[in-house]
Amino acid sequence: MSTSARPMSNKARHDKVSATPEARALLDEIIADHGPVLFHQSGGCCDGSSPMCYPRGDFIVGDQDVLLGHIGDTPVFISASQFEAWKHTDLIIDVVPGRGGMFSLDNGREKRFLTRSRVCAAPVRE
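Residues numbered from 1 in each chain as written. Predicted model: local features only at pLDDT ≥ 70, side-chain atom pairs only at ≥ 80, totals over all residues. Heavy atoms only, no water.

Per an unreviewed UniProt entry, the chain carries the name DUF779 domain-containing protein and comes from Nitratireductor aquimarinus.

Written out as structure tokens, the structure is:
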């Protein structure tokens, strides 16, 4: 059971995230080791702007977090302020060589998740 502040099903879903095959493979490894997880797009503090991967029961999703979508069954969240800045951007979770964020489950695997982006067309206002 998730310790989220609100159930994930109550969050707005935006379908603004996808993953490369390499990211899906690493995610599958992590889920096999740790069970269900979630991503939260870091705001750039200690670990830069990395997608952080946490066990679902260990991360409290805040009232101001926005559900970007899912990678398989794995939800991906971002803070509301970051979402406002990136709302016209599709995020792509990828994998590169290196160490993951200090508290992220990709740490210690010699590869880490990385967020790439693709700008989308903004809606036309009339």
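Anyway, onward from the coordinates.
Counting residues in each nonpolar core, the largest one holds 20 residues, and the members touching the most others are Phe39, Cys53, Ile71, Ile93 and Phe113. Listing elements by their share of this core, those giving two or more residues are strand S1 (17–19), helix H1 (21–34), strand S2 (37–41), strand S4 (65–71), strand S5 (74–79) and strand S6 (89–97). No other element matches H1, which puts four residues into this core. With near-sequence residues (within four places) excluded, isoleucine 93 lies in contact with Val17, Ser18, Ala19, Thr20, Ala23, Phe39, Pro51, Ile71, Phe113, Leu114 and Thr115. (Core = buried A, V, L, I, M, F, W, Y, C linked by side-chain atoms within 4.5 Å. Buried < 20%, exposed > 50% of the residue type's maximum accessible area, 1.4 Å probe, protein only. Helix = DSSP H or I, 4+ residues; strand = E, 2+ residues; numbered from the N terminus. Contact = heavy atoms within 4.5 Å.)

Pairing is mixed across the open sheet formed by three strands, whose spatial order is S1-S6-S7. Every other strand in the sheet has two partners, leaving S1 and strand S7 (111–119) as the edge strands with one partner each. Each strand axis lies, on average, 30 degrees off the axis of its neighbour in the sheet, ignoring direction. Two elements, S1 and S6, share three bridges in a ladder whose sense is parallel. In the sheet register, serine 18 faces S6, and the bridge partner there is isoleucine 92. (Pairing = 2+ DSSP bridges. Axes fitted to C-alpha atoms, helices over the stretch in contact; angles between N-to-C directions.)

Turning our eyes to something else, we now look at the side chain of aspartate 65. Along the polypeptide, aspartate 65 turns up in strand S4. Side-chain polar atoms of aspartate 65 contact the side chain of histidine 40, separated by 3.0 Å. Side-chain polar atoms of aspartate 65 contact the backbone nitrogen of glycine 62, separated by 2.8 Å. (Polar contact = N/O pair within 3.5 Å; in protein donor to acceptor, adjacent residues only side chain to side chain.)

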